[in-house]
Amino acid sequence: MSSNSPARTSLASSPASTSTDQQGSVSAGPGSDPRPRRRTPLHVQIAAWSVPLLVLGQFAMLAIVPVLIVLIASVADARVRALRWYAGLLAALYATPLIIWVARPDGAQSLSKDIDPVFVALIVAASAALIVKIATRRR
């Protein structure tokens, strides 16, 4: 009892799950999104916010932990890969005064006392750009 006609598939969907707007395009119902969710993990958000707070609060050496969290997450986690350039910029801006501080024989006792205010401003600006990027991503 085989048929020579190809199998038919139903393209109609239930009216509760889709709707048609005035232009005739079909959209998903309320609450459904055809694209996958790519929410930034909470630990990355906390790390991004803590970098400028630690640098401005004179705990610049401790800021290495959240910088590394953001950098490693941007490389390893697929949900954070869009932040890779921002994380790389932040890590490079943070590493520059850190390397200068370590390499100088007459450096201050702490990184916070030795860091140039221009680098503080650049690190805070890069952190702000990262935070804005996280906030404007799809939730």
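Coordinates for the structure precede this section.
Quantities reported herein were computed from a predicted structural model and do not represent experimental measurements.

What counts as what
- All residue numbers refer to position in the chain's written sequence, counted from 1.
- For a predicted model such as this one, the threshold for reporting local features is a pLDDT of at least 70, and the threshold for listing and counting side-chain atom pairs is 80 or more; totals across whole chains, interfaces and linings nevertheless cover every residue.
- The side-chain numbers reported here are obtained from all heavy atoms of the structure, hydrogens and water having been left aside.
- Convention adopted: a line fitted to C-alpha atoms gives each axis, helices being fitted over their contacting stretch, and angles between N-to-C directions are expressed from 0 to 180 degrees.
- A helix here means a DSSP run of H or I that spans at least four residues, while a strand means a run of E at least two residues long, and both kinds are numbered starting from the N terminus.
- Throughout, a crossing is termed right-handed when the near helix is turned clockwise from the far one, and left-handed when it is turned anticlockwise from it by less than a right angle.
- Whether two residues are in contact is decided by their heavy atoms, any of which lying within 4.5 Å being enough.
- Lys, Arg, Asp and Glu make up the charged group, whereas Ala, Val, Leu, Ile, Met, Phe, Trp, Tyr, Cys and Pro make up the nonpolar group; the residues left over, Gly among them, are polar.
- Buried, partly exposed and exposed residues are distinguished by accessible area as a fraction of the type maximum, computed with a 1.4 Å probe on protein chains only: under 20%, between the cut-offs, and over 50%, respectively.

Caption draft 1: Spatial organisation of the packing of helix α2 (residues 64-76) against helix α3 (residues 84-103). Close contact between α2 and α3 brings their axes to 9 Å; oriented N to C, the two are set at 145°. α2 and α3 meet at a crossing whose hand is left-handed. The residues of α3 that touch α2, namely those facing I64, V67, V70, L71 and S74, are R84, A87, G88, L90, A91, Y94 and L98. Among the residues making up the contact of α2 with α3, the classes are represented as nine nonpolar, two polar and one charged.

Caption draft 2: Geometry of the side chain of D114. Structurally, the position occupied by D114 is in helix α4 (residues 111-114). When its relative accessible area of 18% is taken as the criterion, D114 is described as buried. When near neighbours in sequence (up to four residues on either side) are disregarded, D114 contacts W101, R104, G107 and A108.

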